Amino acid sequence: MSDVSDPVRFELSPEEIPRRWYNLAADLPHPIPPPLNPATRKPVGPEDLAPIFPRALIGQEVSTERYINIPEEVREAYALLHRPSGLQRAVHLEAYLRTPARILFKREDLSPTGSHKPNTAFAQAYYNREEGVERLVTETGAGQWGSALALAARHFGLGCRVFMVRASFDQKPYRKHVMRLYGADVAPSPSSLTRFGEGLLAEAPGHPGSLGIAISEALEYTVTHPGSKYALGSVLNHVMLHQSVIGLELLEQLRRNDLHPDAYIGCVGGGSNFAGFSYPAIGEALRRGDSKTEFVAAEPAAVPSMTRGRYEYDFGDTAQMTPLLKMHTLGAAFLPPPIHAGGLRYHGVAPSLSLLVDAGIVRPVAYEQESCFEAGRIFAQTEGIVPAPESTHAIRATIDRALAAKRSGERATIVFNLSGHGLLDLEGYAEHLARVPTPLPLPEEAPLASA
Ligand SMILES: *Cc1c(COP(=O)(O)O)cnc(C)c1O
């Protein structure tokens, strides 16, 4: 057990919110392959993207500048979002695992909507307002992105239209209420608001929808409604850029406390929380020529884009309306199984992350849902926080790494990103609890320290 005088929380003050975002493109071994126009197979130009994104974000999408200034209004909004987020030490999890490893985690669960997603939602809403846009249009799976964008749109005085995957709309009502509380218009997708949605509903009236379908609807709605622009919550370079606020804060928190992680771990849906958390550290490692630090990206075994997908150009959506992106993908037609980590149910991952996986800089791992809920339960019972089902993938990988350190007797430092809390996603935990005993078992591998 650690000494009580050891610090367990490493905080920064609001004045220390980073003044600029970090762009990994400046430090990559090769340029990120550009998005291609599917008809011509030529790189898409800014004019192709102008109907859906504001100029400033298109500029960030292709920028190779290492740093990009964060507008002061966005920094102010970050303060309202509880930034800088805390870095915390999981002393009780360490004790439970009886590992000599030190486990730290970054608290993205403490934002008002309960995840990292507002970090980019607020930046995107700001640039859209600056360019006179009146309404933001988007899709959402389980609702984390939709609620983040709904709040950001409200903050900057914009309207917000959300297409929510119908299966979630019907089965996970709480985030729908959150979005509507923030003033957004929420429709189940497929919907009759678009021709694509109408077509699908004509074939199958109760169609459960998917993220790829909802993206197609949001894009169609955007281009047919003047004054609207589209906002995407992951995958694209400008999203990874905005999320870098997480990793920049983290580097400062580590530096001040003389902490040197051996491993950085995050979960991956489209890649944005992992990127934001790890890219500033990956950039440092690339510049130093350090290949020892581990960067581990955890995904669900049911949606194995990084571990089983192909690295090739593919569409981002089901209707094949988006440009082609070079990424690890299961195919745009892949219908993800209904796992509880809704935020991880996407067929591809960010082109920048795909490049890092391909170059062997990031190591992908895949975990079964049940072993992730088990890790989530251990975390809840040791640290008191109910993690988002998505985040449990990072916790599972962290526990495995800490147990490896225990076997080798290594005093490793492991840091993971707690991308969100799970207080609005309890169905999966309920099913998990129905299968396993409620009290924490005492696994042979990891008896309680006090036992
Ligand atoms: C959306 C979400 C994810 C997955 O998306 P990324 O872009 O890969 O970060 C992970 N965790 C939480 C809590 C989410 O809401």
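Residues numbered from 1 in each chain as written. Predicted model: local features only at pLDDT ≥ 70, side-chain atom pairs only at ≥ 80, totals over all residues. Heavy atoms only, no water.

Peer 1: If you had to explain helix 17 (residues 426–435) to someone new, which residues and values would you point to?
Peer 2: By the burial criterion, the buried members of helix 17 are Gly428, Tyr429 and His432. Projected down its long axis, helix 17 shows its buried positions confined to an angular sector of 95°, all on one face. At its buried positions, helix 17 is contacted by helix 15 (369–383) and helix 16 (391–408). (Buried < 20%, exposed > 50% of the residue type's maximum accessible area, 1.4 Å probe, protein only. Helix = DSSP H or I, 4+ residues; strand = E, 2+ residues; numbered from the N terminus. Arc of directions from axis to C-beta. Contact = heavy atoms within 4.5 Å.)

Peer 1: Could you give an account of the state of the cysteines, with specific residues and numbers?
Peer 2: Put plainly, two cysteines are in a disulfide when a covalent bond ties their sulfur atoms together. Per the stated rule, a full pass over the model turns up 0 disulfides. Note on Cys267: no disulfide assigned, nearest cysteine sulfur contributed by Cys372 at a separation of 9.4 Å. Cys372 gets classed as buried once you look at its relative accessible area, which sits at 1%. (Disulfide = S-S within 2.5 Å.)

Peer 1: Explain the sheet that holds strand 6 (residues 135–140) to me, and be specific about the residues and the numbers.
Peer 2: Reading across the sheet, the 4 strands line up as 8-7-6-9 and stay open at both edges, with parallel pairing between neighbours. Two strands in the sheet have a free side with no partner beyond their single neighbour: strand 8 (185–189) and strand 9 (228–230). Taking each pair of neighbouring strands and ignoring which way they run, the sheet shows an average axis angle of 25°. Relative to strand 9, strand 6 runs parallel, the two being bridged by 3 bridges. Looking at strand 9, one finds that Val137 is bridged to Tyr230. Sitting on the sheet, helix 10 (residues 211–224) is in contact with strand 6, strand 7 (159–165), strand 8 and strand 9, with an inclination near 165° to strand 6. (Pairing = 2+ DSSP bridges. Axes fitted to C-alpha atoms, helices over the stretch in contact; angles between N-to-C directions.)

Peer 1: Go over the packing of helix 9 (residues 195–203) against helix 10 with me, naming the residues and quoting the values.
Peer 2: Axis separation between helix 9 and helix 10 bottoms out at 8 Å; the angle between their running directions is 140°. As summarised for this structure, helix 9 and helix 10 are arranged oblique, according to the angle between their axes. In this structure, helix 9 uses Arg195, Phe196, Gly197 and Leu200 to contact helix 10, whose residues at the interface are Ile213, Ser216, Glu217 and Glu220. Split into classes, the residues belonging to the contact of helix 9 with helix 10 amount to 3 nonpolar, 2 polar and 3 charged. (Parallel < 35°, antiparallel > 145°, perpendicular 65-115°, else oblique. Nonpolar A, V, L, I, M, F, W, Y, C, P; charged D, E, K, R; others polar.)

Peer 1: Tell me about the sheet that holds strand 10 (residues 263–267), and name the residues and values.
Peer 2: Sheet architecture is open: 7 strands sit in the order 1-4-5-15-10-11-14, paired in mixed fashion. The outermost strands of the open sheet, each flanked by one partner alone, are strand 1 (9–10) and strand 14 (363–367). Sheet topology places strand 4 (residues 87–89) next to strand 5 (residues 102–107); 3 bridges connect them, and they run antiparallel. Residue pairing across strands places Leu87 opposite Lys106, the latter belonging to strand 5.

Peer 1: Could you give an account of the site of the ligand, naming the residues involved and the relevant values?
Peer 2: Within the structure, the ligand sits among 18 residues, and Lys117, Ser234, Gly269, Ser272 and Asn273 are positioned closest to it. In this structure, His116 approaches the ligand through a side-chain N or O atom, which is 3.1 Å from an oxygen atom. Between the ligand and the protein, one listed contact pairs an oxygen atom with a side-chain N or O atom of Ser272 at 2.7 Å. Relative to its unbound accessible surface of 380 Å², the ligand loses 98% to contact with the protein. Here the shell around the ligand is built from residues that sort into 4 nonpolar, 12 polar and 2 charged. (Near = heavy atom within 4 Å. Polar contact = N/O pair within 3.5 Å; in protein donor to acceptor, adjacent residues only side chain to side chain. Areas by Shrake-Rupley, 256 points an atom, 1.4 Å probe, with all protein chains shown as cover.)

Peer 1: Which residues make up the packing of aromatic side chains, and what values do they have?
Peer 2: This structure, assessed with the given rule, holds 12 aromatic pairs. Each ring, one from Tyr264 and one from Phe295, has its centre 5.2 Å from the other, and the planes form 25°; the classification is stacked. Taken together, the positions of Tyr264 in strand 10 and Phe295 in strand 11 (residues 294–300) put the pair 31 residues apart, joining distant regions of the chain. Across this residue pair, the class does not change: Tyr264 and Phe295 are buried. Taking 5.8 Å as the distance between ring centres and 75° as the angle between the ring planes, the aromatic pair formed by Phe379 and Phe416 counts as edge-to-face. Pair noted here: Phe379 is in helix 15 and Phe416 is in strand 15 (residues 413–418), with a separation of 37 residues, a long-range link. Neither Phe379 nor Phe416 differs from the other in exposure class; each is buried. Site record: aromatic cluster; members linked through ring pairs are Phe122, Tyr126, Tyr127 and Phe156. We note Arg20 situated over the ring of Tyr67; from NZ or CZ to the ring centre the distance is 3.8 Å. The ring of Phe169 is capped by Lys176, whose NZ or CZ atom sits 4.0 Å from the centre of that ring. (Phe/Tyr/Trp six-rings, centres within 6.5 Å; stacked < 30°, edge-to-face > 60°. Lys NZ or Arg CZ within 6 Å of the ring centre and 35° of its normal.)

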